[in-house]
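Geometric and topological summary
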Amino acid sequence: MLDQMTLYPIADDVLFAPGGKVVIRTYGVAPATAGASVSYRTWVTGLRDQPRYWHWGHFEDAASGHRRVLEWLTGRGPQPSQALT
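These lines cover the structure that appears in this document, whether it is placed above or below. (Residues numbered from 1 in each chain as written. Predicted model: local features only at pLDDT ≥ 70, side-chain atom pairs only at ≥ 80, totals over all residues. Heavy atoms only, no water.)

1. As for the pairing of strand S1 (residues 5-17)
- Bridge count between S1 and strand S2 (residues 20-31): 12 bridges; the pairing is antiparallel. Within the sheet, the bridge partner assigned to Asp 12 lies in S2 and is Arg 25.
- Counting the residues that bridge the hairpin from S1 to S2 gives two residues. (Pairing = 2+ DSSP bridges. Helix = DSSP H or I, 4+ residues; strand = E, 2+ residues; numbered from the N terminus.)

2. Let's talk about the sheet that holds strand S4 (residues 52-56)
- Spatially, S1-S2-S3-S4 is the arrangement adopted by the four strands of the open sheet, whose pairing is antiparallel. The open sheet has two free edges, formed respectively by S1 and S4, since each of these has just one partner strand. Neighbour-to-neighbour, the strand axes of this sheet turn through a mean angle of 15°, independent of strand direction.
- Sitting on the sheet, helix H1 (residues 59-73) touches S1, S2, strand S3 (39-45) and S4, and the angle it makes with S1 is about 15°. (Axes fitted to C-alpha atoms, helices over the stretch in contact; angles between N-to-C directions. Contact = heavy atoms within 4.5 Å.)

And the structure:
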């Protein structure tokens, strides 16, 4: 399935916490066919034993959303409201 998708990395961060590491990745994903629309997501793994993700509409939203997720995880901001899980 991944061989039929094109990934566009936007940002990757790793936070180290007493319980282990938390990985935050934001990327765009689209079918490999030309002209297909790109879907943007932020995935957080290593948090509460379950991955969490956010879906963004545009590149700019994904970039600022990644920063908001980092702020939430480090206690400097509220949880982003566009969470799907």
